[in-house]
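# Structural overview for review
For reference, the chains in residue letters:
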Amino acid sequence: MGCAASSSVLLRVIACGFVVRVCLVMYGEWQDAALPVAYTDVDYNVVVDGARCILEGGAIMGRAASPGGNAGTIFGVGAGADHDASGRSNCGEGDDVIAVPQGGRWIGSPYDRSTYRYTPLLAALVAPSLLVWRDYGKLVFCVLDCAIAWFLYHSVVLSSKGKKQKQKEEEKDTGKKGLTANKRNYQSHDGEKEVQKAAEFYGMVAACCWLFNPLSVNISTRGNSESVVCALVISALYFISSSRVVLGSVLYGTAVHFKIYPVLYAFPLLFHLGRNGGGTCQTKPKADNNLFMRAISCFPILNRFNARQWVFGITSFSVFLLLTLFCYTLYGWDFLYQTYLYHVTRTDHRHNLSIYFYYIYLTTVSSSTVTTGGFQRVIISLLGFVPQLAVLVAIVWRLSTRHINLCLFLMTLMFVTFNKVCTMQYYSWYLSLFPLLVPELSRGLTAILCRYKGHATVQSGLHRGMRNLGFGVLVVFAVWAIPQGFWLNYAYSLEFLGQPTFTALWLSSALFFAVNITTGALVIYVYSNSTHVNNFAPN
């Protein structure tokens, strides 16, 4: 498959994925109007209302979440402590939009919409939904889904070629010195074609893993904005891995501004650039590289970081700081609290798959006073970070420099698993990173199966490896979906039938927690058996 042919196939696959999403968006319009349980996510209504506040300069004091609220409560997408069981926003009892003067502010505030917990840039992004078409924002999220697939394809191709080239160089140094020049050239040309074919195949599979994943399709077409931050993260990783560190840093800083969770990737990316982006952390940069490097060479501690690490750190932090200062200038404390600080102490006792769900519920409903209950919730929120932080530190220490894609995937999976709030849109955070592991998981699973069957050597091929990986993923996905099926059943009984199923809900959450931990362990085991993984040990 040549480059032009593979690009043509990729575009057709992406177009197919986009058409599927557009069809679901159109279907969602019909379901919103015709069925009691709507398709549109309640969060989409909140963001659109925030955009209306910006454009009209008014506050929505009592706007009920329009069709889509019920779906959010059952499927755990978007609904939380800010919405009641019917999916209505807790911002009043009326259904009218009430314009309120903004005290001289030249632009309206999205935070005048109760329960708006995002950066104002997101409301600005979907603002054309009020001027062009109500579902314009959903189309934007679908386009970003397709962009994620494009970057996944090229990231996997780039990674596969790089690892294969490194392996070839090692083989050239150790085992093929006796071949004639003509034979070496012939084998090199033939090997390059095979590497290109394998890289493009794995890249296409990675793109399809995201494009046709039912969860990613559902999340974006219902109007959830997670595809924005996922697109920023995946594109940042692609540009950083292709040595365009400045552009990657700009995208990464923007991603952290939109959602705070990508800040977890800062240290792994810094360590990765230290080892693979111009030298190791222990390699001192040349003092005559440029004026900046000559200046920091006077400080031994600062001199431990190479130029690309400095570029990444300074650029990404500067972009985040500028965007944050811009929004703070417009909206002040409301912006800081609602966008960032609220999530630090957030404790949702409804619509939450977290293992902390039941304890949060019990402490919330049993609190004798508002002050005591608030204090307890803050303590719970802060203590919940302890096991989370311990797991993340262990992953970074062991994997960040040699296996950056695996490191980021496991960090995100464990962060969501150990989080105090876990809803289904959070799955897209790690599902967007999983396709980056396709080549290694395919080879690793094939090696395990060959060893299990008693083969002395790994009998592999592209299609054999993908069949093995596909079967393995389907099995894991089925096991992964079982506790969620239980959870959805008990959530329906609680929300719609009024049955007290809190204990059963918590047991389902505990089972889901165990399944996620097991999934992470299986990924590590299969990945470590890949033929391209060497020195799978602490850094």
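Our structure is the block above this text.
Let me sum up the structure you'll find in this document. (Residues numbered from 1 in each chain as written. Predicted model: local features only at pLDDT ≥ 70, side-chain atom pairs only at ≥ 80, totals over all residues. Heavy atoms only, no water.)

## Some words on the overall build of the chain
In terms of regular secondary structure, the chain is built from 20 helices and zero strands. The proportion of buried residues among the 539 residues of the chain is 51%. In the chain, 76% of the contacts between residues at least 6 apart in sequence involve partners at least 24 apart. Of the accessible surface of the chain, which amounts to about 24700 Å², a share of 66% is contributed by carbon and sulfur atoms. (Helix = DSSP H or I, 4+ residues; strand = E, 2+ residues; numbered from the N terminus. Buried < 20%, exposed > 50% of the residue type's maximum accessible area, 1.4 Å probe, protein only. Contact = heavy atoms within 4.5 Å. Areas by Shrake-Rupley, 256 points an atom, 1.4 Å probe, with all protein chains shown as cover.)

## Examining the packing of aromatic side chains
Here the distance between the centres and the angle between the planes together describe a pair of aromatic rings. The final tally for this structure, using the stated rule, is 27 aromatic pairs. Ring centres of Tyr116 and Tyr118 lie 5.3 Å apart, and the angle between their planes is 80°; this geometry places the pair in the edge-to-face category. You'll find Tyr116 and Tyr118 in the same group, each marked buried. Pairwise contacts between aromatic rings join Phe409, Tyr427, Tyr430, Phe434, Trp480 and Phe512 into one cluster. Here the basic side chain of Lys138 rests over the ring of Tyr44, its NZ or CZ set 5.5 Å away from the ring centre. (Phe/Tyr/Trp six-rings, centres within 6.5 Å; stacked < 30°, edge-to-face > 60°. Lys NZ or Arg CZ within 6 Å of the ring centre and 35° of its normal.)

## Notes on the nonpolar core
Membership of the largest hydrophobic core comes to 115 residues, with the highest contact counts inside it found for Leu269, Phe409 and Tyr427. Here Phe409 is in contact with Tyr430, Leu433, Phe434, Leu437 and Val523, once residues within four sequence places are set aside. (Core = buried A, V, L, I, M, F, W, Y, C linked by side-chain atoms within 4.5 Å.)

## A word on helix α12 (residues 307-344)
Relative to the 56 Å expected for 38 residues at 1.5 Å per residue, α12 spans just 33 Å between its end C-alpha atoms, considerably shorter than the ideal helical length. A bend of about 125° at Tyr331 is the largest found in α12. Where α12 starts, the residue carrying a side-chain oxygen 3.1 Å from the main-chain nitrogen of Arg308 turns out to be Asn306. (Expected span 1.5 Å × (residues − 1). Bend = angle between axes of the 7 residues up to and from the residue. Polar contact = N/O pair within 3.5 Å; in protein donor to acceptor, adjacent residues only side chain to side chain.)

## Observations regarding the pattern of salt bridges
Inspection of every chain in the model, using the stated rule, returns five salt bridges. With a closest N to O distance of 3.2 Å, Asp49 and Arg113 form a salt bridge. In this pair, Asp49 is assigned in helix α2 (residues 42-56) and Arg113 in the loop between α3 (69-75) and α4 (120-125), connecting sequence segments 64 residues apart. With relative accessibility at 0%, the residue Arg113 sits in the buried group. (Salt bridge = Lys/Arg side-chain N within 4 Å of Asp/Glu carboxyl O.)

## Re the state of the cysteines
Considering all chains together, one arrives at zero disulfides under this definition. In this structure Cys142 is not part of a disulfide, and its nearest cysteine sulfur, from Cys146, lies 7.3 Å away. Classification of Cys142 as buried rests on a relative accessible area of 0%. With relative accessibility at 8%, the residue Cys146 sits in the buried group. (Disulfide = S-S within 2.5 Å.)

## Digging into the packing of helix α9 (residues 245-258) against α12
Two numbers describe how α9 lies on α12: the axes approach to 8 Å, and their chain directions differ by 25°. Here α9 is positioned roughly parallel relative to α12, judged by the angle of their axes. Relative to α12, α9 is oriented so that their crossing is right-handed. On α12, the residues that touch Val245, Val246, Ser249, Val250, Tyr252, Gly253, Thr254, Val256 and His257 of α9 are Arg308, Val311, Phe312, Thr315, Ser316, Val319, Phe320, Leu323, Thr324, Cys327, Phe335 and Tyr340. Per-class residue counts for the contact of α9 with α12 are 13 nonpolar, seven polar and one charged. (Axes fitted to C-alpha atoms, helices over the stretch in contact; angles between N-to-C directions. Parallel < 35°, antiparallel > 145°, perpendicular 65-115°, else oblique. Left-handed = near helix turned anticlockwise from the far one by under 90°. Nonpolar A, V, L, I, M, F, W, Y, C, P; charged D, E, K, R; others polar.)

## A short note on the side chain of Ser249
With respect to the helices and strands, Ser249 occurs in helix α9. In this structure, Ser249 is in contact with Val311, Phe312, Thr315 and Ser316, ignoring residues within four places of it in sequence.

## Some details on the environment of Arg117
Inspection of the secondary structure assignment puts Arg117 in the loop between α3 and α4. As a C-alpha pair, Arg117 and Tyr340 span 223 residues in sequence and 8.1 Å in three-dimensional space.

## Quick word on unusual backbone geometry
Of note in the backbone geometry, Thr115 takes a positive phi value of approximately 75° without being a glycine. Along the chain, Thr115 turns up in the loop between α3 and α4. Of note in the backbone geometry, Ser243 takes a positive phi value of approximately 70° without being a glycine. Secondary-structure assignment places Ser243 in the loop between α8 (226-241) and α9. A relative accessible area of 42% means that Ser243 is categorised as partly exposed.

## Looking at the packing of α8 against α9
Remark: α8 packs on α9, axes separated minimally by 8 Å, with the N-to-C direction vectors making an angle of 160°. What the angle tells us is that α8 and α9 run roughly antiparallel. In terms of crossing hand, the pair formed by α8 and α9 is left-handed. Each of Val228, Val229, Leu232, Val233, Ser235, Ala236, Phe239 and Ile240 in α8 lies in contact with α9, whose residues at this interface are Val245, Leu247, Gly248, Leu251, Tyr252, Thr254, Ala255 and Phe258.

## A look at the environment of Val143
In this fold, Val143 is placed in helix α5 (residues 136-174). Judged by relative accessible area, which is 45%, Val143 ranks as partly exposed. Counting along the chain gives 129 residues from Val143 to Ile14, while the straight-line C-alpha distance between them is 9.6 Å.

## Thoughts on a nonpolar patch on the surface
Where nonpolar side chains cluster on the molecular surface, the patch consists of Trp333, Tyr337, Leu341, Val344 and Leu382 and spans about 460 Å² of accessible area. For the nonpolar patch, the leading source of residues is α12, giving four residues. Mapped onto the secondary structure, Trp333 falls in helix α12. (Patch = residues over 30% accessible without salt bridge, like charges linked within 9 Å, V, L, I, M, F, W, Y side chains within 5 Å.)

## Notes on the environment of Ala15
Tracing the backbone through its elements, the reader meets Ala15 in helix α1 (residues 3-34). Residue Ala15 is classed as partly exposed on the basis of its relative accessible area, which comes to 39%. In sequence terms Ala15 and Val143 are 128 residues apart; their C-alpha atoms lie 9.9 Å from each other.

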